[in-house]
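Overview (structure and organization)
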Amino acid sequence: MTSIKQFQVTFDCAEPERVARFWCEVLGYVVPPPPEGFATWDEFNDSLPPERRGADFVCMDPSGAGPRMYFQRVPEGKVVKNRVHLDVRAGTGLVGEERLAVLEAECARLVALGAVQVQLLRADGVNESCISMQDIEGNEFCLD
């Protein structure tokens, strides 16, 4: 039996802080305090060598229940579909039109933050409705 109890979700991206702050808004996450000895993250960032400035950023669930999210700058852009994606659970326990209304309202909120709605997948008798989306750098996620 494994002893692993926590995990981190890592995103490769062009603008780590921008993408991290987007996901903070989506999930109600927060940016942790800056390292000891620094009043702000900007102050910490300014202390780094130029090639490391803005190279990564973190956000976390304030309750500690959800995984830490780490965003790291990579030189290449996104080229193909993600092999792993997040399911943002907005409609858990809801069905039919009630679920669809909640998903559409949440979709509108996320679009206002910069997300893109890709496709509405309506309930089909096996799966409930969900909305396929992309974050501000094109990473796929599902609103379900």
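Here we look at the overall build of the protein chain
Per the secondary structure count, the protein chain includes three helices and seven strands. Secondary structure of the protein chain in N-to-C order comes out as β-α-α-β-β-β-α-β-β-β. In terms of overall dimensions, the protein chain has a C-alpha envelope of 55 × 35 × 30 Å along the principal axes. Taken over 144 residues, the protein chain has a buried fraction of 33%. Once local pairs closer than 6 in sequence are excluded, the contacts in the protein chain between residues at least 24 apart make up 59%. Within the protein chain, the 23 negative side-chain charges are centred at a point lying 4 Å from the centre of the 14 positive side-chain charges.

Some remarks on the packing of aromatic side chains
Here the structure, examined in full by the defined rule, presents seven aromatic pairs. A ring pair is formed by Phe 22 and Trp 23, whose centres lie 5.4 Å apart and whose planes are at 85 degrees; its orientation type is edge-to-face. The same class applies to Phe 22 as to Trp 23, namely buried. On the basis of an interplanar angle of 55 degrees and a centroid distance of 6.0 Å, the ring pair of Trp 41 and Phe 57 is categorised as tilted. Remark: Phe 57 occurs in strand S2 (residues 56-59) and Trp 41 occurs in helix H2 (residues 41-46); sequence separation between them is 16 residues. Its relative accessible area of 8% is what places Phe 57 among the buried residues. Here the aromatic residues Phe 11, Phe 22, Trp 23, Phe 71 and Phe 141 are joined through ring pairs into a cluster of three or more.

Here's the deal with the pattern of salt bridges
Going through the model one piece at a time under the given rule, you end up with six salt bridges. A salt bridge links Arg 52 to Asp 56, with the nearest nitrogen and oxygen atoms 3.4 Å apart. Overall, the relative accessible area of 38% leaves Arg 52 in the partly exposed class. Here Arg 89 ties to Asp 144 by a salt bridge, and the two come within 2.6 Å at their closest N and O atoms. On the criterion of sequence distance, the pair formed by Arg 89 in the loop between strand S4 (86-88) and helix H3 (96-112) and Asp 144 in the segment after strand S7 (140-143) is long-range, its members being 55 residues apart.

Calculation criteria
- Residues numbered from 1 in each chain as written.
- Predicted model: local features only at pLDDT ≥ 70, side-chain atom pairs only at ≥ 80, totals over all residues.
- Heavy atoms only, no water.
- Helix = DSSP H or I, 4+ residues; strand = E, 2+ residues; numbered from the N terminus.
- Buried < 20%, exposed > 50% of the residue type's maximum accessible area, 1.4 Å probe, protein only.
- Contact = heavy atoms within 4.5 Å.
- Lys, Arg positive; Asp, Glu negative; His and termini not counted.
- Charge placed at Lys NZ, Arg CZ, Asp CG, Glu CD.
- Phe/Tyr/Trp six-rings, centres within 6.5 Å; stacked < 30°, edge-to-face > 60°.
- Salt bridge = Lys/Arg side-chain N within 4 Å of Asp/Glu carboxyl O.

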